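Here is what each chain is made of, one letter per residue.
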Amino acid sequence: MNSELQFWRAMAGYAVARAHAQRARARQGKTELGASALEWAIISAILVAAALAIGLVVRRVIDKRTGEIENG
């Protein structure tokens, strides 16, 4: 079997397995697949704030150390 056929066969198997899992979740009443847009926005805002805070701390440390070298 050539590689392209193997690839498409694997993708079809994945799609069938995913559809089967989705139907099983739906039967159990679990239709939500992941985070909503609002949840993603909140998570992103938290990560951006954390990155800004870390960047500010790093910049202050660098400025402090370079000030010591210039004055020292």
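Small disclaimer: the values here were computed from a predicted structure and weren't measured.

Here is what the cut-offs are and how they apply
- Residues numbered from 1 in each chain as written.
- Predicted model: local features only at pLDDT ≥ 70, side-chain atom pairs only at ≥ 80, totals over all residues.
- Heavy atoms only, no water.
- Helix = DSSP H or I, 4+ residues; strand = E, 2+ residues; numbered from the N terminus.
- Areas by Shrake-Rupley, 256 points an atom, 1.4 Å probe, with all protein chains shown as cover.
- UniProt positions renumbered as here; feature names shortened; annotations may be inferred.
- Phe/Tyr/Trp six-rings, centres within 6.5 Å; stacked < 30°, edge-to-face > 60°.
- Buried < 20%, exposed > 50% of the residue type's maximum accessible area, 1.4 Å probe, protein only.
- Expected span 1.5 Å × (residues − 1).
- Patch = residues over 30% accessible without salt bridge, like charges linked within 9 Å, V, L, I, M, F, W, Y side chains within 5 Å.
- Salt bridge = Lys/Arg side-chain N within 4 Å of Asp/Glu carboxyl O.

Novice: Explain the overall build of the protein to me, please; I cannot follow it from the model alone.
Specialist: When its secondary structure is counted, the protein shows two helices and zero strands. Total accessible area on the protein is roughly 6700 Å²; 65% of this is exposed by carbon and sulfur atoms.

Novice: Would you take a moment to explain the UniProt feature "transmembrane region" (unreviewed entry) in the protein for this structure?
Specialist: Under the present numbering, the feature "transmembrane region" (unreviewed entry) in UniProt falls on residues 40–58. For residues 40–58, the end-to-end C-alpha separation is 27 Å, with 100% helix and 0% strand making up the annotated structure.

Novice: Honestly, the packing of aromatic side chains in this entry has me stumped. Any pointers?
Specialist: What characterises a pair of aromatic rings is the spacing of the ring centres plus the angle enclosed by the ring planes. For the structure shown, the criterion picks out one aromatic pair. Considering the side-chain rings of F7 and W8, the 5.1 Å spacing of their centres and the 75° angle between planes classify their relative orientation as edge-to-face. With relative accessibility at 43%, the residue F7 sits in the partly exposed group. With relative accessibility at 58%, the residue W8 sits in the exposed group.

Novice: Quick question: what am I supposed to make of helix α1 (residues 3–27) here?
Specialist: In an α-helix, one full turn covers 3.6 residues, which means residues spaced three or four apart are oriented alike. The end-to-end C-alpha distance of α1 is 36 Å, a good match for the 36 Å that 25 residues give at a rise of 1.5 Å each. Directly beyond the C-terminal end of α1, a positive phi value near 85° is found at G29.

Novice: In this structure, what is going on with a nonpolar patch on the surface? I would like to understand it.
Specialist: Taken together, the side chains of F7, W8, M11 and Y14 make up a nonpolar region of the molecular surface, amounting to roughly 490 Å² of accessible area. Looking at where Y14 falls in the secondary structure, it is placed in helix α1.

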